[in-house]
Amino acid sequence: MFRLVLRRFSGSPLLLSARSCRSFSGSPPEMPAALVRSTFLDFFRDQHGHQLVPSSPVRPRGDPSLLFVNAGMNQFKPVFLGTADPRSEMSSYQRVVNTQKCVRAGGKHNDLDDVGRDVYHHTFFEMLGNWSFGDYFKEEACSMAWSLLTMHYGIPADRLYVSYFAGDAASGLPADEETRLIWLEIGVPPGRLLPFGLKENFWEMGHSGPCGPCTEIHYDHVGGRNAAALVNADSPEVVEIWNLVFMQYNREVDHSLLQLPRFSVDTGMGLERLRSAVRPYGGRTGSADQMKVDTAYRVVADHVRTLSVCIADGVHPGMSGAELVLRRVLRRAVRYCIEVLQAPQGALASLVPTVTHSLGDVYPELHREADRIQDVINENEAHFLSSLQRGSRLIHRTLLRKDYKHGVFFPASVAWSLHRDLGFPLDLVDLVLEERGVQVDREELDRLVAENQKVTSGLQSGDQSRLMLDVLSLADLQRLGVPPTDDGLKYQYRLDKDRYVFPACSATVVALYDGQTLVSEVTEGERCGVVLDQTCFYSEQGGQSQDRGYFTRDGSQDVLYPVEAVILAGGYVVHQVTAAGNLKTGDQVQLHLDQVHRLSCMVNHTATHILNFALRTVLGRWVHQRGSHVSAERLRFDFSVTSSLDVSQLQQIDRCVHDIISANHVVHSQELPLQEARRIKGLRTVDEVYPDPVRVVSVSVAVSELDDETDRETSVELCCGTHLLQTGAIEDLLIVSERQMVKGISRIIAVTGREAKRAREEGHMLSQDVDSLSARLTGSAPSGLDAAQRLAKEVGVLSDAVDNTPIPQWQRRDLQSRLRALQRTSNTTVRKLETREAAVKAQALLEKNGWKNLQVDSVETDSLSILMKTVNQLSAAAPHSHVMLLAHQRHSGKVLCACQVPKDSAALSASDWAAAVCGHLGGGAGGSVLVAKGTGSSGDIAEALRWAEEFARQETQR
């Protein structure tokens, strides 16, 4: 069976079956995917002068509104919004073409549940796209699209239908007559040129921002008929293959529309959909696929591509955000592999080489990461299968506690916990319960799901409170001739006798932004964005926090304008303030930098570079940065690594960074042309759009001495952040936390300076405490149970302190290991003493009551554990007895309860007995058919004993 599965999987997703359900007479010539892709790229690059831009990773660059890159235009958002750095290559784009890796699973665009049911939904797909940024517009876009489809791909024109925007009276938008006339001129018959409304043919980036009408090209898979009625009708036979968006408006915050100063074109065509037109797929769908086998092939083929691309780009299955969605993708694929295809464990990961073979030439990271991708998939599959077993056991235990039949619903909270915490699919919960004739509380479960979605969407919405210059305001600034902000002063600090001196900064207000438009003046209490001709403030970028401080207006030096945020947009630095007084364009201001905050950020940013270098030195060149954040208080660094670091590795990293800091190396920085900088040997970069020229930061080696021949190992990175001039000011760098966020990605938290020194001191004191406790535990035996329990509690308290106190991470790991051993020793001692005490109590009860079939009595103890052990020993001595013991806590009125029944007790289960008694006492209980325990409250233990004994007699005599 497995060989058959691999044979069916060995093709790409659109070639999983060679059978054809019908004849495709008059169809376009068959083309493999690679030729479809290269034909598109070559057409726009070679024949129409487009610049070929590589695909961005599927993890969005600095866009919290997206889980994944889900369209080709995502990486070009800064161009559309006018926020691209004017020094970057992106800002010069005019005609662009590319093929973009896209994932649509989770968030607004979520095709996950549709994949497999039809042949045109995918979680991973390639978006072929061409763009014009203020260059050509509708006529050229439509003409090129039609030429490519009909002449180069050979798609018959009578298979194509075109939709255009019909207008919307409520929005005051006219029909897109210009586009309609263009298509008629090209030769599209009027009967194949169809008008549609806002939903289908007006594209918007979001609630606000650039937008415009679009025209879509649809393909009829059948042909030889009039299929106009099937366009935009969710028919699998007539599907959209290409969308051409004409961005000519800007949606304002108040939902009004204004015309953009520069029109753009954004087109997108799914490679997989296009390929299905030029190479038809004949797999079964719907009722024709009764065994769901072809559905399973489509699901697994799609999902293993998604997994491979995401993991290669640093997104791993996890517990939140994009990682949680990817976990769902993996588990859905595993279920189809096992349940439908009956493939053995490991089948999914075995398909990764096929993915790398089909996609690796255009996305080379797949070749580099192939082994790691397989390891991640295999490990997560094993974890999922283990979770299924644990989930099944939890469902079984829950069902044992209560009769959930006859209209009593299974608790929705348990079902949701299974899904949220273990990843147990909700439909599988339903199937397991259905086999037992039980239903989950669907109304409550739907409420929990909706509540979670609300929380998740809130987290994904990002920070909307910052004032961002919109595309129209940025265009106005450029039209008015306002030059980009000169922020070079942020780098112009110096050392004077080991003290950093920061430059003074006087500036002129050149623009004010009220959140909607540029204004000439703001009054006291108004929140606004202030653009200055120059600034010494650092705007948040490159993972470094923004500067803090305030400015004053000349003539009103006593009135402070605290800067709440510093934002860079299109070369303009926006200082967000709440005006403390009137402020207008042309005013002169004095900027006052929070120098302590800035210096702390400089310390931690340089420390981050040193840490990055140390990780690579100790762990190897294959370590890659996956994210970082620098604040005044600490630094965070995410990196690729197979597993958490051990004590020895952490100590080596500690020594490496200490050597660099104590050497007090000079930190060099210099701007270089981007292409020249990329040739530097050992250069560390991350996935960002860099300006040109770009700033290079090097430790100990002058930038002018770096080239592709330099053999000296040092820290050298492209970085726009602010750094120390010498490493000695860091004083100390200490990793206080390191853990795997998801498989293959670890996160380090580190502190510097006085915080690092304090953490080392705390670590030393905790180490002494562990030494002292270890000496007491391994010395003479405790004098009694109370003493043993106190020592066990001390171990727990000290473990909490070690877990939660900032101390060196290598030391934390070492102390945790020692404390786990001490915990085992103390627990063993306590259990032995409890067993001894329980044996004494059990013997006394046997002497008092004999070997009766029903034994209900009380004992003196504050420990539920001792009570249970006493019950166990009584039952072992009298195996045919029903035993229940209560322990009354006189000072609180609390009653502890434990019981055990014979294995052949059909009339009375331990869980029912304990639940009844504890319920009578106003408490609760839980357990199994044979053993149970619980608590309650009572002022009369004698009455409680009588009630418990009478209940048991009635049940056993039925």
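Residues numbered from 1 in each chain as written. Predicted model: local features only at pLDDT ≥ 70, side-chain atom pairs only at ≥ 80, totals over all residues. Heavy atoms only, no water.

**Considerations on the sheet that holds strand β21 (residues 625-630)**
Ordered by their spatial adjacency, four strands build an open sheet running β21-β22-β27-β26, and the pairing between neighbours is antiparallel. This sheet does not close on itself; its edge strands, each paired only once, are β21 and β26 (733-742). Between one strand and the next, the sheet's axes are offset by a mean angle of 15°, whatever the strand orientation. As judged from the five bridges shared by β21 and strand β22 (residues 635-640), these two strands associate in the antiparallel manner. Within β22, the position partnered with His629 by the bridge is Arg636. (Pairing = 2+ DSSP bridges. Helix = DSSP H or I, 4+ residues; strand = E, 2+ residues; numbered from the N terminus. Axes fitted to C-alpha atoms, helices over the stretch in contact; angles between N-to-C directions.)

**Digging into helix α23 (residues 864-877)**
Because each turn of an α-helix spans 3.6 residues, side chains separated by three or four positions end up pointing in the same direction. Taking 1.5 Å of rise per residue, 14 residues should cover 20 Å, and α23 covers 20 Å from first to last C-alpha, within 8% of that figure. What α23 keeps buried is the set Ile866, Leu867, Met868, Lys869, Thr870, Val871, Leu874 and Ser875. Among the structural elements, α21 (785-804), α22 (809-849), β28 (854-858), β29 (882-889), β30 (894-900) and β32 (931-937) are those in contact with the buried residues of α23. A side-chain oxygen of the first residue of α23 lies 3.2 Å from the backbone nitrogen of Ser865; this N-cap is Ser863. (Expected span 1.5 Å × (residues − 1). Buried < 20%, exposed > 50% of the residue type's maximum accessible area, 1.4 Å probe, protein only. Contact = heavy atoms within 4.5 Å. Polar contact = N/O pair within 3.5 Å; in protein donor to acceptor, adjacent residues only side chain to side chain.)

**Here we look at the environment of Leu148**
Positionally, Leu148 belongs in helix α4 (residues 138-152). Along the chain, Leu148 and Tyr363 lie 215 residues apart, while their C-alpha atoms are 24 Å from each other. The contacts of Leu148, once residues within four sequence positions are left out, are Thr39, Phe40, Phe43, Phe44, Tyr153 and Trp242.

**Remarks on the packing of aromatic side chains**
For the structure shown, the criterion picks out 18 aromatic pairs. Geometrically, the ring pair formed by Phe76 and Phe133 is tilted, given 5.8 Å between the ring centres and 55° between the ring planes. Remark: Phe133 occurs in strand β3 (residues 124-133) and Phe76 occurs in the loop between β1 (51-52) and α3 (77-81); sequence separation between them is 57 residues. An identical accessibility class is assigned to Phe76 and Phe133; each is buried. (Phe/Tyr/Trp six-rings, centres within 6.5 Å; stacked < 30°, edge-to-face > 60°.)

**Remarks on the packing of helix α8 (residues 293-312) against helix α10 (residues 352-359)**
For the pair α8 and α10, interaxial distance at closest approach is 10 Å and the crossing angle is 75°. In terms of their interaxial angle, α8 and α10 are classed as roughly perpendicular. Facing Val304, Arg305, Ser308 and Val309 of α8, the residues of α10 in contact are Val352, Val355 and Leu359. Here the contact of α8 with α10 is composed, by residue class, of five nonpolar, one polar and one charged. (Parallel < 35°, antiparallel > 145°, perpendicular 65-115°, else oblique. Nonpolar A, V, L, I, M, F, W, Y, C, P; charged D, E, K, R; others polar.)

**So, the side chain of Gln809**
The residue Gln809 is located in helix α22 in this model. One polar contact links Gln809 to Arg812, side chain to side chain, over a distance of 2.8 Å. Discounting chain neighbours no more than four positions away, the residues touching Gln809 are Leu650, Ile735, Val736, Ser737 and Glu738.

**A short note on the environment of Phe68**
Looking at the element boundaries, Phe68 is found in the loop between β1 and α3. Assessed through its relative accessible area of 4%, Phe68 is described here as buried. Sequence separation of Phe68 and Cys310 is 242 residues, and the distance between their C-alpha atoms is 9.1 Å.

**With respect to the confidence of the model for the chain**
Considering every residue of the chain, the mean pLDDT works out to 89; 94% of them sit at 70 or more. Under a pLDDT of 50 for its full length, residues 1-25 has, in the predicted model, 53 contacts with residues more than four places off or in other chains. Note on residues 459-464: pLDDT is under 50 here. Beyond four places in sequence and across chains, it has four contacts. (pLDDT = per-residue confidence, 0-100.)

**A word on the pattern of salt bridges**
Enumeration according to the criterion identifies 39 salt bridges in this entry. Notably, a salt bridge pairs Arg95 with Asp135, separated by 2.9 Å at the nearest N-O pair. Highlighted residues: Arg95 in strand β2 (residues 95-103) and Asp135 in the loop between β3 and α4, separated in sequence by 40 residues. You can call Arg95 partly exposed: its relative accessible area is 24%. Here Asp135 falls in the partly exposed class, since its relative accessible area comes to 37%. With its nearest N and O atoms 3.5 Å apart, the salt bridge here joins Asp587 to Lys584. Where salt bridges share partners, they join Asp42, Arg45 and Asp46 into one cluster. (Salt bridge = Lys/Arg side-chain N within 4 Å of Asp/Glu carboxyl O.)

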